[in-house]
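Okay, here's what each chain looks like letter by letter:
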Amino acid sequence: MSWFEKLMPSRISTEKRTRSVPQGVWIKCAKCDAQLYRTELERNLYVCPKCDHHMRIGARERIEVFLDDESQEEIGANLEPLDPLKFRDSKRYRDRLSQAQKSTGEKDALVAIAGKLLGRPVVVCAFEFKFMGGSMGSVVGERFARAARHSAEHEIPLISFSASGGARMQEALFSLLQMAKTSAALAVLGEKRIPFVSVLTDPTTGGVSASLAMLGDVNVAEPRALIGFAGPRVIEQTVRQKLPEGFQRSEFLLAHGAVDMIVDRREMREQIADLLAKFAHQPRPAA
Amino acid sequence: MDLKFLEFEQPIAELEAKIDELRFVGDDSEININEEVARLKEKSRSLTKTIFDKLSAWQIAQIARHPMRPYTLDYLEVIAPDFQELHGDRMYADDPAIVGGIGRIDGRAIMFIGHQKGRDTKERVRRNYGMPKPEGYRKAQRLMRLAEKFSLPIVTFIDTPGAYPGVGAEERGQSEAIAFSLYLMAGLKTPIVSVVIGEGGSGGALAIGVSDRLLMLQYAIYSVISPEGCASILWKSAEKAEEAAEAMRITAANLSEFGLTDEVLPEPLGAAHRDPSAMAEIIRNAILKHLDDVEALGIDEMLAQRQARLASFGQYKEN
């Protein structure tokens, strides 16, 4: 379990809840407790068919179900994290990295792929929350910047799916500066009038929320996602009061004007493709 | 003057107390007081130097947060006495945790923007301990655009524990306010010089710190999270702040080694609060020098270099 998951327990039940049933066949919805058949859930993009609860999904799965199958090209796959500070808390950063790499099969917490969305060339980035809480270190920042650059050079839209606790403390100031780096890359994109759609998924907080994730020309949220600058626990400790129900959830952000719309995962492809078509003065793409 | 000595400064404090006592002894004493005072003063100086030569990261963090440390408006009083403060974000409120306005150094008009902490309890509460809310960042954005419109260079002073984590701040879009500040500063067509004068606390600091030149005072700190916050998450105990401060490399000297700051400005013996006007003079000269350098580039080259600088942040391996 990463430090972030300890801080903010995943709403998808993992080990504990599924251990009572044979691994991987049945999954219990964390919201409505329904027993769900894995293949059916997969077909439903990990949205509970009973209560529409959106479970967290991995970066590659996310991109796979979002993009068309043909002609995908990964960006920055050859980048790997370093440990410039030789950081060590109760564990060495190096060890945390290799553990995360082993358990996720990813080199770091962001995957960027150029491909097509209903026929339109696009670049997509997705955060891997299981990789150290989707935290943004140098590799995440560099991959995002390269994705934005690819999108600027080819004049094709950029879409990002965020799921992150924020900065990666083990990279200290280098990590903080990724906020400036990713925002600057988006400023170049904005200058060239290339659309950037930011999709905020559960959870998006801290340095990622306070940089690239809030900078979409259109900000989209998945239902009931936790989105905020400070985590609920930090706020509770600061203001010393119980937080209202639904605080920092997508619906709260919509009501307060921080996101443009809430979109069901199963409609994400069509909704974003249609938006991009409108920006390009084109008819609605055929699904 | 009550200097409010920190714990590791106790030997200096005792010596200074002795010097004060001697001053009250008066002229009727047998021994030559003046000579003795001079001797003790010299001893105090060398003791201060010895202690300050080998400060730990945690001790430096305490100096950066010292209750006597000069704040943005203290420096502005000295370096730009004709400073006119401009208030409000035109949308919601005026956030006293960020101050901004126009003042002249050497006849050159400059837009100054900085975090502002309070000196006494009442003022601290009013300034929210230097922790801005979204309206603070939006005021800063407004003033930055104003500076761009009239070709005024921008100088920012960074000194905050971080952006305020509160219910109202979340409701009004703290994330967006910080994110958009970063976005705006990346492309702003006027020179920006940032100086970390005290605490550079996370995104709340960076939100006015995207710049052409980043300067740090010798005993300023800059980090992704406070040592206490880092310790309570990674070490599961805020008591380990000392270790976290060391591990995160938060001091000006550390960050300079990584090439993350352009110049470290030396502080007077015993830190900035011992001689605020000397410190102000050093800051003033550094601002002028760096503004000259950036202005000499011309706007296009300046923006290209700023973009290249922002793109270069980070350390990774490429296979």
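Definitions and cut-offs
Residues numbered from 1 in each chain as written. Chains lettered and ligands numbered in written order. Predicted model: local features only at pLDDT ≥ 70, side-chain atom pairs only at ≥ 80, totals over all residues. Heavy atoms only, no water. Contact = heavy atoms within 4.5 Å. Buried area = accessible area lost by both parts, 1.4 Å probe. Salt bridge = Lys/Arg side-chain N within 4 Å of Asp/Glu carboxyl O. Polar contact = N/O pair within 3.5 Å; in protein donor to acceptor, adjacent residues only side chain to side chain. Helix = DSSP H or I, 4+ residues; strand = E, 2+ residues; numbered from the N terminus. Nonpolar A, V, L, I, M, F, W, Y, C, P; charged D, E, K, R; others polar. Pairing = 2+ DSSP bridges. Buried < 20%, exposed > 50% of the residue type's maximum accessible area, 1.4 Å probe, protein only. Patch = residues over 30% accessible without salt bridge, like charges linked within 9 Å, V, L, I, M, F, W, Y side chains within 5 Å. Areas by Shrake-Rupley, 256 points an atom, 1.4 Å probe, with all protein chains shown as cover. Lys, Arg positive; Asp, Glu negative; His and termini not counted. Charge placed at Lys NZ, Arg CZ, Asp CG, Glu CD. Core = buried A, V, L, I, M, F, W, Y, C linked by side-chain atoms within 4.5 Å.

A. The interface of chain B and chain A, seen in detail. Listed by partner, the interface residues are 45 residues for chain B and 53 residues for chain A. Carbon and sulfur atoms supply 71% of the area that chain B and chain A bury against each other, a total of about 4,600 Å² over both sides. When the area that chain B buries against chain A is broken down by residue, the three leading residues are Tyr-183, Leu-234 and Tyr-316 of chain B, summing to 15%. The tally of links from chain B across to chain A stands at 2 salt bridges. Here Lys-317 of chain B ties to Glu-80 of chain A by a salt bridge, and the two come within 3.7 Å at their closest N and O atoms. At the boundary of chain B and chain A, one finds 17 residue pairs in polar contact (both at pLDDT 80 or more). Of all the elements in the fold, those that place two or more residues in the side of chain B that touches chain A are helix H7 (167-171), helix H8 (174-187), helix H9 (202-206), strand E7 (221-223), helix H10 (227-235), helix H11 (241-248), helix H14 (299-312) and strand E9 (316-318) of chain B. Ranked by residue count, the leading element in the side of chain B that touches chain A is H8 of chain B, at 9 residues. Residue composition of the side of chain B that touches chain A, grouped by class: 28 nonpolar, 10 polar and 7 charged. With 3 bridges joining them, strand E4 (residues 79-81) of chain A and E9 of chain B adopt antiparallel strand pairing. Paired with Glu-80 of chain A across the bridge in E9 of chain B is Lys-317 of chain B.

B. View of the pattern of salt bridges. Inspection of every chain in the model, using the stated rule, returns 42 salt bridges over all chains. Linking Arg-265 of chain A and Glu-222 of chain A is a salt bridge whose minimum nitrogen-to-oxygen distance equals 2.9 Å. A residue pair is termed long-range when its members are at least 10 positions apart, and Arg-265 of chain A in the loop between strand E11 (261-262) and helix H11 (268-279) and Glu-222 of chain A in the loop between strand E9 (218-221) and strand E10 (227-228) qualify at 43 residues. Residue class for Arg-265 of chain A comes out buried when judged on its relative accessible area of 5%. Among the residues examined, Glu-222 of chain A registers a relative accessible area of 2% and is labelled buried. Among the ionic pairs, Glu-42 of chain B bridges to Arg-45 of chain B, the shortest N-O distance being 3.1 Å. You can see Glu-42 of chain B and its partner Arg-45 of chain B sitting in helix H2 (residues 33-53), 3 residues apart, about one turn around the helix. Overall, Arg-45 of chain B belongs to the partly exposed group, its relative accessible area being 44%. Through salt bridges with shared partners, a single network forms among Arg-65, Lys-117, Asp-159, Glu-199 and Glu-228 of chain B.

C. Main features of the environment of Ile-51 of chain B. Residues and elements named next belong to chain B. With respect to the helices and strands, Ile-51 occurs in helix H2. For the pair formed by Ile-51 and Gly-270, sequence separation is 219 residues and the distance between their alpha carbons is 8.9 Å. If we skip the residues at most four places from it in the chain, Ile-51 touches Phe-8, Pro-11 and Ile-12.

D. Region of the structure containing a negative patch on the surface. Residue and element names in this part refer to chain A. Taken together, the side chains of Glu-42, Glu-61, Glu-64, Asp-69 and Glu-70 define an acidic patch exposed on the protein surface. Following the sequence through the fold, Asp-69 ends up in the loop between helix H4 (59-66) and strand E3 (73-75). Here Asp-69 falls in the exposed class, since its relative accessible area comes to 73%.

E. Fine view of the nonpolar core. In terms of nonpolar packing, the biggest core is built from 148 residues, with Leu-158 of chain A together with Phe-112, Phe-157 and Tyr-222 of chain B touching the most fellow members. Per element, the largest residue contribution to this core is 12 residues, and it comes from helix H7 (residues 172-191) of chain A. Contact partners of Tyr-222 of chain B, with chain neighbours within four places excluded, come to Leu-173 and Leu-176 of chain A together with Val-196, Gly-200, Ala-205, Leu-206, Leu-214, Met-216, Ile-250 and Leu-255 of chain B. Ranked by size, the runner-up nonpolar core spans 23 residues in total, among them Val-263, Met-268, Ile-272 and Leu-275 of chain A.

F. Molecular detail of the pairing of strand E2 (residues 98-105) of chain B. All names here are of chain B. With 6 of 8 residues buried, E2 lies mostly within the body of the structure. Sheet analysis places E2 next to strand E3 (residues 108-115), joined by 8 bridges and oriented antiparallel. Note that in E3 the partner of Gly-100 across the bridge is Ile-113. Between E2 and E3, which pair antiparallel and follow one another directly, the connecting turn spans 2 residues, one of which, Asp-106, has a positive phi of 55 degrees.

G. How the structure looks around the side chain of Glu-128 of chain A. Residue and element names in this part refer to chain A. Position of Glu-128 relative to the elements: it lies in the loop between strand E6 (120-127) and helix H6 (138-153). Here Glu-128 is buried and forms no salt bridge, its nearest opposite-charge partner Lys-130 lying at an N-O distance of 5.8 Å. Excluding residues that lie within four positions of it along the chain, Glu-128 makes contacts with Gly-58, Ala-59, Thr-104, Glu-106, Ala-109 and Gly-134.

H. Quick peek at the environment of Thr-182 of chain A. Residue and element names in this part refer to chain A. Note on placement: Thr-182 falls in helix H7. In this structure the C-alpha to C-alpha distance between Thr-182 and Arg-38, which are 144 residues apart in sequence, comes to 36 Å. Not counting the four nearest positions on each side in its chain, Thr-182 is found in contact with Met-136, Gly-141, Phe-144, Ser-211 and Leu-212.

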